[in-house]
Structure formats: structure tokens, C-alpha cells
Amino acid sequence: MKPQKKEHPAEKVKLHPRNRHRERYDFKALVATAPALAPFVQVNKWGDESIDFFNPEAVKMLNKALLLHFYGIKHWDIPEGYLCPPIPGRADYLHYMAELLGNCNNDVIPTGRKIRCLDIGTGANCVYPLIGQHEYGWSFVGSETDAMAITAGRHMLAENPELLNVIELREQVNPRSVFHRIIQPDEKFDLVVCNPPFYASADEAIAGSVRKQSNLQGKKVTRPVRNFGGWNRELWCEGGEAQFVQTMVHESKMYAKNCFMFSSLLSKNESVDLVYAALEKAGAVDVATVPMGQGNKTSRIIVWTFLDEAAQDAWREARWK
């Protein structure tokens, strides 16, 4: 990694070259794989097949079809009201992180179940472990503070028994902690990923949804529908994403030798300087910002490590050879 505080300014960022979702959705192929999607597919005003992205059931069924068609996940579901993640963007995060791991390994991406990843806040959907295991063979630990999400995630894994030995879910009993009680003293993780709660309160989350849907529909929306769900703590925490990731940075220093590479998404550009200040205070050895884009939405991944070159060499020799 190379320290980089500025995002690439010029051209619009596109999905990663290895992302399976760079092209328009092929609904005929998806329906052939998952016939239950068919009732939700319709021709839009431009003459293209699509779904109603304001319909939560249609969005969830699209996710089921994508996960089955591209990643072989036969059984996937989430409880009502829980976050239904946009699959292309989640896949993008993992592809960019795989590329960074490869950059640290003579341009060879470390693959296989011996590569262990920690997903902070995996939710009921477990989507990062599902995609990362399929694409790179990595094994995952997913942490989560919500007991119902843990129960739903474990049920989903039991429905896909081939995943039970490569994905483990752990409950974080202290919602103010990130790594404490999750990472064990002698445990090693090659990569940490995180999609932090975006908003600072439930009211801010609702107001954000009102603005977004009003803009998309061209009229004032007063009772928004969460087409991707997530009214609960998946979307908000005290202080929002900036505070969450600053806490993550502070705690990560205590696990500097347990993890090769830490990372988190940041949706708000104004969060970046706050997180960089926390990283400088924590003494991170190497920091990078990776820009991401999907449609009209832009975000970035903040990546850091506390391992110097000698420690990184020793890690590679011990774990990636």
C-alpha cells in the first residue's frame, strides 16, 4: 500500500474489472436460474427489462437470484426490516481488497481458506463472507451486535452446509466495542472489512431516505420505503460512520499484530480527514484511500496497517507461501 489521502480526481470510478456485475442485469439469465424472480420483472419506460427498485420484495428477490446465479448460494434470506445489500457494490469492495493484498504479495492474490477475513457488522445478510468465499476461497469470521441477525445468519449458513466450515459468526456483546472479545489473543486475520453504520441517528436515516426518494421520484416523499431495508442499527449509530471508524482505528492498534490489513468503507467525504487524523494518532505505518463508484454513488475504502516491511515479509512467509 502507498499512503494516499486524496482520491483520484479525474474520471468517474467504475466497478472493479473482476466484478461480475459490470454489465446490465441479464434478467432472462437470472430468471432461468431463479424462476421466482419472474413475477417482479417488467419492461420499463425505456423498453428494458428491470424490476421496481422501490419494491422491497422485488429487491430481495433480485438479490436471491444474483447470489444463486453468480455465487452458488442456494438458500439466502433476511428477516423483515433488515438490510438487503446491493450486491455489485459489496463485491466491488472485496475485489479491491483482494487487489491490495496481491500488491503486497508480488501481484499474486492470496487465495484459499487459509486466508482469514474478519467482517465487522456482518448483519443478517452475511454478504461479504458469501461473496469472498466464492470468489477467492477465503474463510470468514463475521461479527455482529444484533442477536436476531446472528440467529438469521446462522440459520442461513445451516441451509448451505458447505459454508459451515468456512464462515463463522460471533456475537459482539458490547455495542461500543469493535474488536474486543471478537479477536482472540493468538488469532490472525489477513484482512478486516467493514461497512459501518452511515447515519448518526434513526431520524437522520429516515431524513436521508426521504431526500433520496424525493429526488429519484421527482416529488416530495413523506413516508419513505426502505427498498434495501435496514431501519435498525445497521444504518445508524451514535456519531455515525466517522465516530464508528475512529473507534475502529483506536481499537485496531491493540490488535496490530493480529491483522495484516484493516479497512472500512466511508460514504461521506467529510469523514475522511477525521479518520486520517485518528490513524496518524494511532501510529498506522501505511494508509491508503481506494475510490469506489457505482452508478451515481461514490464512496471510498480506507485501508491501514501497523506492520512495517519486515513484519509484512514475515507475515507473508508464514501465512501466504
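Look up a bit, the structure's there.
Rules behind the numbers
Per chain, the residues get numbers from 1 upward, laid out in the order the sequence is written. With the structure being a predicted model, the display of local features is reserved for residues of pLDDT at least 70 and the display and counting of side-chain atom pairs for 80 or more, all residues being used for whole-chain, interface and lining totals. No hydrogens and no water enter the side-chain calculation; it runs on all heavy atoms of the structure. Each reported salt bridge corresponds to a side-chain nitrogen of Lys or Arg within 4 Å of a carboxyl oxygen of Asp or Glu. Where helices and strands are cited, they refer to DSSP runs of H or I of at least four residues and of E of at least two residues respectively, numbered from the N terminus. Using a 1.4 Å probe on the protein chains alone, a residue whose accessible area is under 20% of its type maximum counts as buried, one over 50% counts as exposed, and one in between counts as partly exposed. What makes a nonpolar core is a set of buried Ala, Val, Leu, Ile, Met, Phe, Trp, Tyr and Cys residues whose side-chain atoms join them at distances within 4.5 Å. Lines are fitted to the C-alpha atoms to define the axes, a helix being fitted only along its stretch in contact, and any angle between axes, read from their N-to-C directions, falls within 0 to 180 degrees. Every angle not falling under 35 degrees, over 145, or within 65 to 115 is termed oblique; those three ranges are roughly parallel, roughly antiparallel and roughly perpendicular. Whether a crossing is left-handed or right-handed is set by the direction in which the near helix is turned from the far one by less than a right angle, anticlockwise for left-handed and clockwise for right-handed. By definition in these notes, contact holds between two residues if any of their heavy atoms fall within 4.5 Å. Gly is placed with the polar residues, together with every amino acid not listed as nonpolar (Ala, Val, Leu, Ile, Met, Phe, Trp, Tyr, Cys and Pro) or charged (Asp, Glu, Lys and Arg). When DSSP finds two or more bridges between two strands, those strands count as paired. For this analysis, a ring pair means two rings from Phe, Tyr or Trp (six-membered ring only for Trp) whose centres lie within 6.5 Å, classed as stacked if their planes differ by under 30 degrees, edge-to-face if by over 60, and tilted for the remaining angles. Handedness is read with the strands pointing away from the viewer; a crossover is right-handed when the path from the first strand over the helix to the second is clockwise. Each polar contact in these results corresponds to two N or O atoms within 3.5 Å; when the atoms are within protein, one needs to be able to donate a hydrogen and the other to accept it, and residues that are neighboring in sequence are counted only if both atoms are side-chain atoms.

1. Quick word on the pattern of salt bridges
The full count for this structure, using the stated rule, is nine salt bridges. Among the salt bridges present, the one from Glu-135 reaches Arg-20, with a minimum N-O distance of 2.9 Å. Separated by 115 residues along the polypeptide, Glu-135 in helix 4 (residues 127–136) and Arg-20 in the segment before helix 1 (27–33) bring together distant segments of the chain. For Glu-135, a relative accessible area of 17% translates into the label buried. Residue Arg-20 is classed as partly exposed on the basis of its relative accessible area of 41%. Where Asp-190 meets Arg-319, a salt bridge forms, and the shortest distance between an N and an O atom there is 2.8 Å. Within this pair, whereas Asp-190 is found in the loop between strand 5 (167–171) and strand 6 (191–194), its partner Arg-319 is found in helix 9 (residues 309–319), the two being separated by 129 residues in sequence. When salt bridges with common partners are traced through the structure, they connect Arg-116, Glu-168, Arg-170 and Glu-187 into a single cluster.

2. What to know about the nonpolar core
Looking at soluble globular proteins, one finds that nonpolar side chains tend to be buried together. Of all hydrophobic cores here, the largest spans 61 residues; its most connected members are Leu-37, Met-97, Trp-138, Met-261 and Ile-301. With nine residues, helix 3 (residues 87–103) is the single largest residue contributor to this core. Ranked by size, the runner-up nonpolar core spans 30 residues in total, among them Phe-244, Val-249, Ala-282 and Ala-284.

3. Quick word on unusual backbone geometry
One non-glycine residue, Cys-126, lies in the positive phi region at around 55°. Within the fold, Cys-126 resides in the loop between strand 3 (116–120) and helix 4. The exposure class assigned to Cys-126 is buried, which follows from its relative accessible area of 0%. With a phi angle near 70°, Arg-181 is a residue other than glycine that sits in the positive phi range. Locating Arg-181 in the fold gives a position in the loop between strand 5 and strand 6. We classify Arg-181 as exposed; its relative accessible area is 68%.

4. Focus: the packing of helix 3 against helix 4
Taken N-terminus to C-terminus, the directions of helix 3 and helix 4 make an angle of 55°; their axes are 10 Å apart at the nearest point. When the axes of helix 3 and helix 4 are compared, the pair comes out oblique. The handedness of the crossing between helix 3 and helix 4 is right-handed. Contacts between helix 3 and helix 4 involve Ile-87, Arg-90, Ala-91, Tyr-93, Leu-94, His-95 and Ala-98 from the former and Val-127, Tyr-128, Ile-131, Gly-132, Glu-135 and Tyr-136 from the latter. Tallied by class, the residues present in the contact of helix 3 with helix 4 amount to nine nonpolar, two polar and two charged.

5. Remarks on the sheet that holds strand 5
Hydrogen bonds along the backbone pair up the strands of a sheet, which may run parallel or antiparallel. Within the open sheet, the four strands sit side by side as 5-4-3-6. Their pairing is parallel. The open sheet has two edge strands with one neighbour each: strand 5 and strand 6. When strand polarity is set aside, the average angle formed by the axes of neighbouring strands in this sheet is 20°. The strands that helix 3 touches are strand 4 (139–144) and strand 6; relative to strand 6, the one it contacts most, it runs at about 155°. Strands in contact with helix 4 are strand 3, strand 4 and strand 5; relative to strand 4, the strand with the most contacts, it is inclined by about 175°.

6. What to know about the packing of aromatic side chains
Within this structure, the stated rule accounts for ten aromatic pairs. A centroid spacing of 6.3 Å and a plane angle of 50° characterise the contact between Phe-70 and Tyr-71, whose relative ring orientation is tilted. Take Phe-70: its relative accessible area is 23%, and that puts it in the partly exposed class. When the centroid spacing of 5.7 Å and the interplanar angle of 10° are considered together, the rings of Phe-262 and Trp-304 count as stacked. Of this pair, Phe-262 sits in strand 7 (residues 262–266) while Trp-304 sits in strand 9 (residues 297–305), and the two are 42 residues apart along the sequence. Among the residues examined, Trp-304 registers a relative accessible area of 0% and is labelled buried.

7. Considering the pairing of strand 5
Inspection of the sheet shows strand 4 paired to strand 5 by five bridges, in the parallel sense. The residue bridging Glu-144 from the neighbouring strand is Glu-171, located in strand 5. Traced from strand 4 through helix 5 (residues 147–159) to strand 5, the parallel crossover comes out right-handed.

8. Notes on the side chain of Glu-187
If you trace the backbone, Glu-187 turns up in the loop between strand 5 and strand 6. Of the polar contacts made by the side chain of Glu-187, one reaches the side chain of Arg-116; its length is 3.1 Å. A polar contact is formed between the side chain of Glu-187 and the backbone nitrogen of Gln-184, at a distance of 3.0 Å. Not counting the four nearest positions on each side in its chain, Glu-187 is found in contact with Arg-116, Arg-170, Ile-182 and Asn-258.

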